[in-house]
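Descriptive analysis of the structure
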Amino acid sequence: MQGGNNLLGLYRQLLRSASTYPSRNRMGIYEAIREEFRSNMHLDPSEEDTQKKINIAYKGLSQLRQFDEHVMGGGKSSANWQVTMEQNPMPAPAERKS
């Protein structure tokens, strides 16, 4: 189970990584993270659906960090880095049966 402090830390790490993401859509990604967390802040972290969202957020953080200048160790001038992306890191939600 994720506590409030852990989720706040995850949120901050996502925003920090998004702010250095090398893309023209950097601010769009940043705002999408903010909106997603705001719209889900009322959810119970112990529920299964919420845990799935948290796991997706951690996968997203991992992918953003692959592009982080500090993690790549060399900054913008380093040309020796490689990124391996998961094929479907954020699958579509399963359809609910009535």
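Structure: see above.
So, here is what we can say about the structure in this document. Small disclaimer: the values here were computed from a predicted structure and weren't measured.

1. Looking at the overall build of the chain
On a plain count of helices and strands, the chain comes out with four helices and zero strands. Counting from the amino terminus, the chain carries its helices and strands in the arrangement α-α-α-α. Of all intrachain contacts in the chain linking residues separated by at least 6 positions in sequence, the fraction that spans at least 24 positions is 53%. Looking at the chain as shown, the accessible area adds up to about 7600 Å², and 50% of this sits on carbon and sulfur atoms.

2. What about the nonpolar core?
Within the largest apolar cluster, 11 residues are counted, these being L7, L10, Y11, L14, L15, A18, I33, I54, A57, L61 and L64. Counting only elements with at least two residues in this core, the list comes to helix 1 (4-19) and helix 3 (48-65). Examining the composition of this core, we find that six residues originate from one element, helix 1, more than from any other.

3. Looking at the packing of helix 1 against helix 2 (residues 26-40)
Contact geometry of helix 1 with helix 2 gives a least axis separation of 8 Å together with a crossing angle of 165°. The angle between helix 1 and helix 2 falls in the class roughly antiparallel. Every pair of crossing elements has a handedness; the one defined by helix 1 and helix 2 is left-handed. Touching L7, L10, Y11, L14, L15, A18 and S19 of helix 1 are R26, I29, Y30, I33, R34 and F37, all from helix 2. Broken down by class, the residue content of the contact of helix 1 with helix 2 amounts to 10 nonpolar, one polar and two charged.

4. What about the packing of aromatic side chains?
Aromatic ring pairs are described here by two measures, namely the spacing of the ring centres and the angle between the planes. What the rule picks out here adds up to one aromatic pair. For the ring pair Y11 and F37, a centre distance of 4.9 Å and an interplane angle of 50° mean the geometry is tilted. Separated by 26 residues along the polypeptide, Y11 in helix 1 and F37 in helix 2 bring together distant segments of the chain.

Definitions and cut-offs
- Residues numbered from 1 in each chain as written.
- Predicted model: local features only at pLDDT ≥ 70, side-chain atom pairs only at ≥ 80, totals over all residues.
- Heavy atoms only, no water.
- Helix = DSSP H or I, 4+ residues; strand = E, 2+ residues; numbered from the N terminus.
- Contact = heavy atoms within 4.5 Å.
- Areas by Shrake-Rupley, 256 points an atom, 1.4 Å probe, with all protein chains shown as cover.
- Core = buried A, V, L, I, M, F, W, Y, C linked by side-chain atoms within 4.5 Å.
- Buried < 20%, exposed > 50% of the residue type's maximum accessible area, 1.4 Å probe, protein only.
- Axes fitted to C-alpha atoms, helices over the stretch in contact; angles between N-to-C directions.
- Parallel < 35°, antiparallel > 145°, perpendicular 65-115°, else oblique.
- Left-handed = near helix turned anticlockwise from the far one by under 90°.
- Nonpolar A, V, L, I, M, F, W, Y, C, P; charged D, E, K, R; others polar.
- Phe/Tyr/Trp six-rings, centres within 6.5 Å; stacked < 30°, edge-to-face > 60°.

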